[in-house]
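Architecture at a glance
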Amino acid sequence: MFGEGFFIFTEVNTQVEKIVKLENVDLLSLLGFNDANLKPIESRFNTIVSVRGDNFYLKGVSEEINTVEKVLKEMVYVLNTTGRLESKDVSTIIDLTVQGKEIVSETEYDNIVLYSKKDVIKAKTPTQVQYFDVVKKNDICFAIGPAGTGKTYLAVAFAVAAFKKGIVQKIVLARPAVEAGESLGFLPGDFREKIDPYLRPLYDALQDMLPIEQLKTLIEKGVIEIVPLAYMRGRTLNNAYVILDEAQNSTGMQMKMFLTRLGPNSKAIITGDVTQIDLPSSASSGLIEAKNILANIDGVGFVYFNKGDVVRHKLVKDIIDAYEKHNDINNKKNGKG
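One structure accompanies this document, and this report is about it.

Reading guide: rules and limits
- Residues numbered from 1 in each chain as written.
- Predicted model: local features only at pLDDT ≥ 70, side-chain atom pairs only at ≥ 80, totals over all residues.
- Heavy atoms only, no water.
- Helix = DSSP H or I, 4+ residues; strand = E, 2+ residues; numbered from the N terminus.
- Buried < 20%, exposed > 50% of the residue type's maximum accessible area, 1.4 Å probe, protein only.
- Polar contact = N/O pair within 3.5 Å; in protein donor to acceptor, adjacent residues only side chain to side chain.
- Axes fitted to C-alpha atoms, helices over the stretch in contact; angles between N-to-C directions.
- Parallel < 35°, antiparallel > 145°, perpendicular 65-115°, else oblique.
- Left-handed = near helix turned anticlockwise from the far one by under 90°.
- Contact = heavy atoms within 4.5 Å.
- Expected span 1.5 Å × (residues − 1).
- Arc of directions from axis to C-beta.
- Patch = residues over 30% accessible without salt bridge, like charges linked within 9 Å, V, L, I, M, F, W, Y side chains within 5 Å.
- Areas by Shrake-Rupley, 256 points an atom, 1.4 Å probe, with all protein chains shown as cover.
- Salt bridge = Lys/Arg side-chain N within 4 Å of Asp/Glu carboxyl O.
- Nonpolar A, V, L, I, M, F, W, Y, C, P; charged D, E, K, R; others polar.
- Phe/Tyr/Trp six-rings, centres within 6.5 Å; stacked < 30°, edge-to-face > 60°.

**Observations regarding the environment of Ser266**
Locating Ser266 in the fold gives a position in the loop between helix H10 (252-259) and strand S10 (267-272). You can call Ser266 buried: its relative accessible area is 5%. Sequence separation between Ser266 and Asn239 is 27 residues, and the spatial gap between their C-alpha atoms is 4.9 Å. A polar contact of 3.0 Å, which involves the side chain of Ser266, links it to the backbone nitrogen of Ala240.

**Topic: the packing of helix H3 (residues 62-82) against helix H4 (residues 87-98)**
H4 packs onto H3 with a crossing angle of 130° between their chain directions and a minimal axis gap of 10 Å. On the basis of the axis angle, H3 is oblique to H4. Crossing hand, H3 versus H4: right-handed. Contacts between H3 and H4 involve Thr67, Lys70, Val71, Glu74, Met75 and Val78 on the former and, on the latter, Val90, Ile93, Ile94 and Thr97.

**Digging into H4**
Taking 1.5 Å of rise per residue, twelve residues should cover 16 Å, and H4 covers 17 Å from first to last C-alpha, within 8% of that figure. All buried positions along H4 are accounted for by Asp89, Val90, Ile93, Ile94 and Thr97. Considered in projection along H4, the buried side chains sweep an arc of 145° and stay on one side of the axis. For H4, the exposed residues lying more than 90 degrees away from the buried face are Lys88 and Val98. Buried residues along H4 sit in contact with helix H2 (39-44) and H3. Where H4 ends, the next residue or the one after it, Gly100, has phi of about 75°, a positive value.

**Some words on unusual backbone geometry**
The phi dihedral of Glu246 is positive, around 55°, even though this residue is not glycine. With respect to the helices and strands, Glu246 occurs in the loop between strand S9 (240-244) and H10. Judged by its relative accessible area of 29%, Glu246 is partly exposed. Even without being glycine, Asn265 reaches a positive phi, approximately 55°. Relative to the helices and strands, Asn265 is located in the loop between H10 and S10. Assessed through its relative accessible area of 44%, Asn265 is described here as partly exposed.

**Thoughts on a nonpolar patch on the surface**
Together, Val274, Ile277 and Ile288 make up a nonpolar patch on the protein surface, roughly 180 Å² of accessible area in all. Considering the arrangement of structural elements, one finds Val274 in the loop between S10 and helix H11 (286-293). With a relative accessible area of 30%, Val274 lands in the partly exposed category.

**Topic: the packing of helix H6 (residues 126-137) against helix H7 (residues 151-164)**
The N-to-C vectors of H6 and H7 enclose an angle of 40°; their axes lie 11 Å apart at closest approach. In terms of their interaxial angle, H6 and H7 are classed as oblique. When you trace H6 past H7, the crossing you get is right-handed. Contacts between H6 and H7 involve Gln128, Tyr131, Phe132 and Val135 from the former and Lys151, Leu154, Ala155 and Phe158 from the latter. Of the residues contributing to the contact of H6 with H7, the split by class is six nonpolar, one polar and one charged.

**Remarks on the packing of aromatic side chains**
Inspection of the entire model under this criterion finds six aromatic pairs. Where Tyr131 meets Phe158, the ring centres are 5.2 Å apart and the plane angle is 85°; that geometry is what we call edge-to-face. With Tyr131 in helix H6 and Phe158 in helix H7, the pair connects residues that are 27 residues apart, well separated along the chain. Since its relative accessible area comes to 5%, Phe158 is described here as buried.

Structure, rendered in structure tokens:
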């Protein structure tokens, strides 16, 4: 018998299970031939790893499971950024992870939107992280703020990611063809050539994210459409990701028309800058109107960017700031302040 006050403690390693869903990855390349890339994990850890569909099922001790999950995410990152992954690479990843020297942090991994042909596209600022979250939770998202904050670029990345995962079967990108300082009639070429400059930023974003030949094929097949807003009338878009860019230049009627195009299993992102309205003074902005009308509808989310979210050249923030100060001075002079 032990004396009073003497206790024996036994440590029990409780077995737990965890499901890890890995996105934006080719599982065959990740696992390797005959699951060769899983063998270093099996030899170094006691955790049981099984794969069903896109899900990894982990069973083992909680702390070790967390380490194995980190290793799997590092494997995804290395494969998608280098284009290759071998068992020796997995062994190196395990060594670094065990030593606490991860290539990509958990937060960074969770904020990755898309692995493009050139780079990893991820939410970089707190507002962009919020944008990512709002898009996940809502079928319609309004992203409002100044130029250079990543509103349109990330919107296109969300759409391409959803298409690659098979969530949607079509991407439609639209812009109002509103004249800003020059008349379409004075531009050279036919109607399509006159319209193309308005749609060019959307082409540029897509060309960053998809190989040129693949993009050309998808456009030719109508899987990806880049069209003036007026071309949306009378359509119903099912299983589609729909983006309206420069929405501040849509009228109230056009905005309502656009929003009512959505069919089953479709999502929409509307981006715009309410300080850059090029509509005639007699027309009100559909973006401002929608902001006021739809603010409290479930399934519709709003994200507001500011100059602190600008991710272009560092001078862009200073330029936006200078214009804001200039406008404030003018407003005070005119009695609007």
